[in-house]
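Examination of the molecular architecture
Below, each chain spelled out in residue letters.
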Amino acid sequence: MSVSHSSRLNKLVREQYMRLPQGGLVQVTYVWIDGSGEGVRCKSRTLDKEPKSIEDVPEWNFDGSSTAQAEGSNSDMFLVPVCMFRDPFCLDPNKLVLCEVLKYNRKPAETNLRHTCKKVMDLVKDSHPWFGMEQEYTLLGVNGHPYGWPDNGFPGPQGPYYCGVGADKVYGRDIVESHYKACLYAGVKICGTNAEVMPSQWEFQVGPCEGIEMGDHLWMARFILHRVCEDFGVVATLDPKPMTGNWNGAGCHTNYSTEEMRKEGGLKHIEAAIEKLSKRHDYHICVYDPRGGRDNSRRLTGHHETSNIFEFSAGVANRGASIRIPRQVGQDGFGYFEDRRPAANCDPYAVTEAIMRTTVLNETGVETKEYAEH
């Protein structure tokens with residue numbers, strides 16, 4: 001197995017130090033999205049006492065020239081704390097803090113998509129939008145080969161792996177269960193997990209979350225996943241199509257409803273929202289992966305439980321459609337729907353903002369509208 005050198009260090013020795021008292025001081029790990037729009041970075045500092053709210057965590061800074069976010073001649077970037085979680089690695093009273101990144105002039109960094117998402121979520125807050133996102137990912141060895149796959153070949157064809165049980169069906173369950181527990185401890189709204197169709201591919205779900213909380217909780221769940229994988233010496237990739245050929249890709253299906261969709265008779269509001277989405281397919285494809293649709297073009301082929309990237313479609317219980325209405329929702333006449341187009345490496349802030357712009361703010365076309373501070 002291709003695992004990292006660090007994972008082979010003696011963890012019992014580490015435990016000896018981790019049990020030492022902190023003398024009332026607190027470690028706070030600041031987490032932010034880097035210049036790739038996909039990677040996360042972190043660094044830690046000591047506070048004199050445990051922060052009780054996000055307002056108790058001071059702003060900080062970092063070298064943006066080393067994260068593809070600034071020039072070396074003007075490299076200081078601001079870290080603005082926005083959401084705090086318990087730290088499952090250093091344990092209480094230590095914290096993980098998700099941050100927005102601002103440039104030297106206090107304007108949001110290019111990959112700080114939270115800033116506009118928050119503005120839009122504040123505008124639409126009376127519609128009480130709920131989201132649940134299904135994050136698929138693939139475990140790789142440090143050599144880039146799927147974890148558990150034969151070194152010079154392939155496992156058997158897809159079929160026995162989805163929700164599979166057994167050493168010949170699933171690879172890396174220890175990582176998945178550790179991540180789940182770490183998220184629960186942290187306070188991330190993780191709500192489930194399962195093995196996926198391709199071997200070494202897994203999924204966890206986060207939600208229901210209202211408004212900006214969706215992006216905050218999914219990004220922290222991703223950070224925790226990468227940290228857990230680091231401990232085990234493997235890599236989690238969010239590439240939408242990590243293996244070419246007859247293997248499923250990886251998406252981030254997004255379940256969505258407003259208050260009126262969740263009430264009796266809500267199906268007509270669901271159908272109205274889908275009609276709006278159908279007229280803005282190109283705009284959504286552009287924001288559903290970090291490269292304007294190029295990543296998703298490898299995944300959305302019309303095969304392997306996906307729709308075709310060039311066509312919009314919707315249907316009840318249809319996993320080959322752009323939008324799926326769950327069968328139960330069709331029967332009940334209210335509930336939610338699932339947008340199956342977002343790629344695994346999407347930015348949840350961009351996805352949830354786009355859905356609100358189209359379905360609640362009634363924007364059309366490929367351009368977005370600027371709104372005054374709410």
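Residues numbered from 1 in each chain as written. Predicted model: local features only at pLDDT ≥ 70, side-chain atom pairs only at ≥ 80, totals over all residues. Heavy atoms only, no water.

1. Structural notes on empty space enclosed by the protein
Definition in use: With a 1 Å grid spanning the protein atoms alone, the term cavity applies to any set of points in which a 1.4 Å probe fits but cannot get out, the term pocket to an open set with protein on both sides within 12 Å along at least five of seven lines, and the term lining residue to any residue with an atom within 4 Å of a point. Grid points are joined across faces, edges and corners, and a volume is the space filled by probe spheres set on the points. Secondary structure is summarised from DSSP: a helix means a run of H or I of at least four residues, a strand means a run of E of at least two, and numbering begins at the N terminus for each. Residues are grouped as follows: Ala, Val, Leu, Ile, Met, Phe, Trp, Tyr, Cys and Pro are nonpolar; Asp, Glu, Lys and Arg are charged; all remaining types, including Gly, are polar.
Per the stated rule, a full pass over the model turns up 3 cavities of 30 Å³ or more. In this structure, the largest cavity spans a volume of roughly 80 Å³. Lining the largest cavity are Ile-33, Leu-98, Cys-99, Glu-100, Val-101, Thr-111, Asn-112, Leu-113, Arg-114 and Tyr-349. Per-element accounting of the lining of the largest cavity gives the leading share, 4 residues, to strand S5 (residues 95-102). Residues that form the lining of the largest cavity fall into these classes: 6 nonpolar, 2 polar and 2 charged.

2. Structural notes on the environment of Thr-46
Quick reminder of the rule: We call two residues contacting when some pair of their heavy atoms lies within 4.5 Å.
With respect to the secondary-structure elements, Thr-46 resides in strand S2 (residues 40-47). Expressed as a C-alpha distance, the spacing of Thr-46 and Asp-126, which sit 80 residues apart in the sequence, is 39 Å. If we skip the residues at most four places from it in the chain, Thr-46 touches Leu-25 and Val-26.

3. Some words on the domain arrangement of the protein chain
Counted only if it meets this: Reported domain spans reflect what an automatic or database domain assignment gives. Take the accessible area each of two parts loses on contact, using a 1.4 Å probe, and add the two losses: that sum is the buried area.
Along its sequence, the protein chain is organised into domain 1 (4-108) and domain 2 (119-358). Across the contact, 21 residues belong to domain 1 and 24 residues belong to domain 2. Both sides of the domain 1 and domain 2 interface together cover about 2000 Å² of buried area, and 69% of this is carbon and sulfur. Looking at the side of domain 1 facing domain 2, the largest losses of area belong to Glu-38, Phe-85 and Phe-89, adding up to 33% of the total buried there.

4. Some thoughts on the UniProt feature "domain: GS beta-grasp" (unreviewed entry) in the protein chain
Put simply, the test is: UniProt positions are given in the numbering used here, feature names are shortened, and annotations may be inferred rather than shown by experiment.
As recorded in UniProt, the feature "domain: GS beta-grasp" (unreviewed entry) lies at residues 26-106. In this annotation, residues 26-106 is assigned 0% helix and 48% strand; the end-to-end C-alpha distance for the span is 28 Å.

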